[in-house]
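Notes for the structure review
Take a look at the letters that make up each chain.
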Amino acid sequence: MAKPRIYMHDVSPRDGFQNEAVFIETADKIAFINQLSQCGFAKIEATSFTSPKAIPALRDAEVVMHEIERVAGVEYTVLIPNVRGAERALACGIDEANLVMSVSETHNRANLRMTREQSMAQLGQIIEVLQQQTLAKPVAVNVSLSTTFGCPMEGDIAEAEVLKLIDNFARQGVRRITLCDTTGMAFPSQVRRLCRKAKANYPEVTFTLHFHNTRGLAQSNVLAAIDAGIDRFDAALGGIGGCPYAPGASGNACTEEVVHMLELEGFDTGIDLQKLLQVGAVLPSLVQHDVPSQILKAGHRLTTHPAPAYVQETGQPKPKDAAVGVIA
């Protein structure tokens, strides 16, 4: 029996680049997104229409959105924090608006400087603006719920609180919701349980899962979510990005590692992995530091290497002075 199609969303141009200390030049961002667009993604999170003072790394949002080469079949989504950001984004021909708030009250205050009630009211205003726009092509609305699986300041998050927020936005006509493991606290049985409840209670909503690899569980959590019927996932090329409120946290789930795993397990992601690895190879030079991706270092599972010269030369024993390695 054929395994289901899995739809991958790469968030590195926004969620990844916004955390970088070095400003990535606009032309480099555009070229990077254009390369990602050729890899087979269902969606790319291209930038953020947050105030340039708040996130200077993405101060070139308008230019990026106007100058990238759109590829048919790829949705270009952007993060929108307020009504002003929505107005700016709508002028750039976006496909989707991504709105964010935290399930955790403490994390929401720390990250957005607002209470959850204030965030819900603000997002409600943005949703109304987006739903009333009269463009030829309607703009989809996605709400990302941060700290769905745990908060580094509050600990566990009650499933009831997550479902209450899903209900709030579903009642406003939102049909796309991302459940975010913002600080890498999720574990497989928790993921499986919550995803099953969310899908059963809100069958009209398309859910995306967004994992971080803070504790090395991102790929296990992806498989648990698939087992619960989820078929859409965020990830970041190279595993870049992260949450400033999780000390020592690593970045997002690594796109190429997730794709590599799913490919080996027989899932169709639509991604050209070799092409993606070529794009990933330039990432360290863009961000000017090494990235967490292990696949970029080790290559595909079936990447082969030449045998040592003494093995290739028939009848030649290993040199006596060569180190002997016993590897299990």
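Structural data are supplied above this passage.
In short, a report on the structure.

Conventions adopted
Residues numbered from 1 in each chain as written. Predicted model: local features only at pLDDT ≥ 70, side-chain atom pairs only at ≥ 80, totals over all residues. Heavy atoms only, no water. Phe/Tyr/Trp six-rings, centres within 6.5 Å; stacked < 30°, edge-to-face > 60°. Helix = DSSP H or I, 4+ residues; strand = E, 2+ residues; numbered from the N terminus. Buried < 20%, exposed > 50% of the residue type's maximum accessible area, 1.4 Å probe, protein only. Lys NZ or Arg CZ within 6 Å of the ring centre and 35° of its normal. Contact = heavy atoms within 4.5 Å. Axes fitted to C-alpha atoms, helices over the stretch in contact; angles between N-to-C directions. Parallel < 35°, antiparallel > 145°, perpendicular 65-115°, else oblique. Left-handed = near helix turned anticlockwise from the far one by under 90°. Nonpolar A, V, L, I, M, F, W, Y, C, P; charged D, E, K, R; others polar. Salt bridge = Lys/Arg side-chain N within 4 Å of Asp/Glu carboxyl O. Core = buried A, V, L, I, M, F, W, Y, C linked by side-chain atoms within 4.5 Å. Right-handed = clockwise from strand over helix to strand, strands pointing away. Pairing = 2+ DSSP bridges.

Inspection of every chain in the model, using the stated rule, returns two aromatic pairs. Look at Phe17 and Phe32: their rings are 5.1 Å apart centre to centre, the planes differ by 40 degrees, and that puts the pair in the tilted class. Of this pair, Phe17 sits in the loop between α1 (12–16) and α2 (26–37) while Phe32 sits in helix α2, placing them 15 residues apart in sequence. According to the relative accessible area criterion, Phe32 is buried, its value standing at 1%. One residue, Arg59, lies across the ring of Phe23, its end atom 3.8 Å from the ring centre. In this structure, Arg232 packs its charged tip against the face of Tyr7, placed 4.4 Å from the ring centre.

Now for the environment of Ala86. Structurally, Ala86 can be placed in helix α4 (residues 83–90). Since its relative accessible area comes to 0%, Ala86 is described here as buried. Here the alpha-carbon distance between Ala86 and Ala97, two residues 11 residues apart in the chain, equals 7.7 Å. Setting aside anything within four residues of it in sequence, one finds Ala86 in contact with Ile80, Ile126 and Leu130.

Turning next to unusual backbone geometry. Positive phi, normally seen in glycine, also occurs at Thr147, with a value near 50 degrees. For Thr147, the location among the structural elements is in the loop between β5 (140–146) and α7 (159–170). In this structure Thr147 comes out as buried when scored by relative accessible area, which is 0%. Residue Gln288 is not a glycine yet carries a positive backbone phi of 65 degrees. Examined against the element boundaries, Gln288 turns out to sit in the loop between α12 (283–287) and α13 (295–298).

The next subject is the packing of helix α6 (residues 116–132) against α7. Interhelical geometry of α6 versus α7 gives an angle of 25 degrees and a closest axis separation of 11 Å. The angle between α6 and α7 places the two elements in the roughly parallel class. Considering how the two elements wind past one another, α6 and α7 form a crossing that is right-handed. Contacts between α6 and α7 pair Arg116, Met120, Leu123 and Ile127 from the former with Glu161, Leu165, Asn168 and Phe169 from the latter. Grouping the constituent residues of the contact of α6 with α7 by class yields five nonpolar, one polar and two charged.

All told, the structure shown has 17 salt bridges when counted by the stated rule. With its nearest N and O atoms 2.7 Å apart, the salt bridge here joins Arg88 to Glu62. With Arg88 in helix α4 and Glu62 in helix α3 (residues 61–67), this pair connects stretches of sequence that are 26 residues apart. We classify Arg88 as buried; its relative accessible area is 12%. We classify Glu62 as partly exposed; its relative accessible area is 26%. In this structure, Arg109 engages Glu105 in a salt bridge whose closest nitrogen and oxygen atoms are separated by 2.9 Å. Residue Arg109 and its partner Glu105 are located together in helix α5 (residues 105–112), separated by four residues, close to a single helical turn. On the basis of relative accessible area, Arg109 is assigned to the partly exposed category, the value being 47%. Each of Glu105, Arg109, Arg116, Glu161 and Lys164 takes part in a single network of salt bridges with overlapping partners.

The biggest cluster of nonpolar side chains holds 93 residues, and the ones touching the most others in it are Met8, Leu145, Ile166, Phe169, Phe211 and Phe233. When residues no more than four places from it in sequence are discounted, the contact partners of Met8 are Phe41, Ala42, Lys43, Phe233, Ala235, Val258, Val259, Leu262, Thr269 and Ile271.

The set of residues buried in helix α9 (residues 218–227) consists of Ala218, Asn221, Val222, Ala224, Ala225 and Ile226. Once α9 finishes, Gly229 follows within two positions and takes phi at roughly 100 degrees, a positive value.

With that settled, consider the pairing of strand β6 (residues 176–181). The side chains of a regular strand alternate, residue by residue, between the two faces of the sheet. Burial within β6 is extensive, with five of its six residues counted as buried. Considered for its hand, the β-α-β crossover made up of β5, α7 and β6 is right-handed. Sheet topology places β6 next to strand β7 (residues 206–211); six bridges connect them, and they run parallel. Considered in β7, the bridge of Thr178 is made with Thr208. The parallel pair β6 and β7, bridged by helix α8 (residues 188–201), forms a crossover whose chirality is right-handed.

As a further point, take the sheet that holds strand β4 (residues 96–102). Picture the strands of a sheet paired through backbone hydrogen bonds; they go either parallel or antiparallel. Strand order in the closed barrel formed by eight strands is β1-β2-β3-β4-β5-β6-β7-β8, with parallel pairing between adjacent strands. Taken pair by pair, the neighbouring strands of this sheet meet at an average axis angle of 25 degrees, ignoring direction. Where strand β1 (residues 7–10) lies against strand β2 (residues 43–48), two bridges are found, and the strand directions are parallel. The partner of Asp10 across the bridge, within β2, is Ile44. Packing of α2 onto the sheet brings it into contact with β1, β2 and β3 (75–79), and relative to β2 it is tilted by some 165 degrees.

Functional significance is not addressed by these values, which are geometric in nature.
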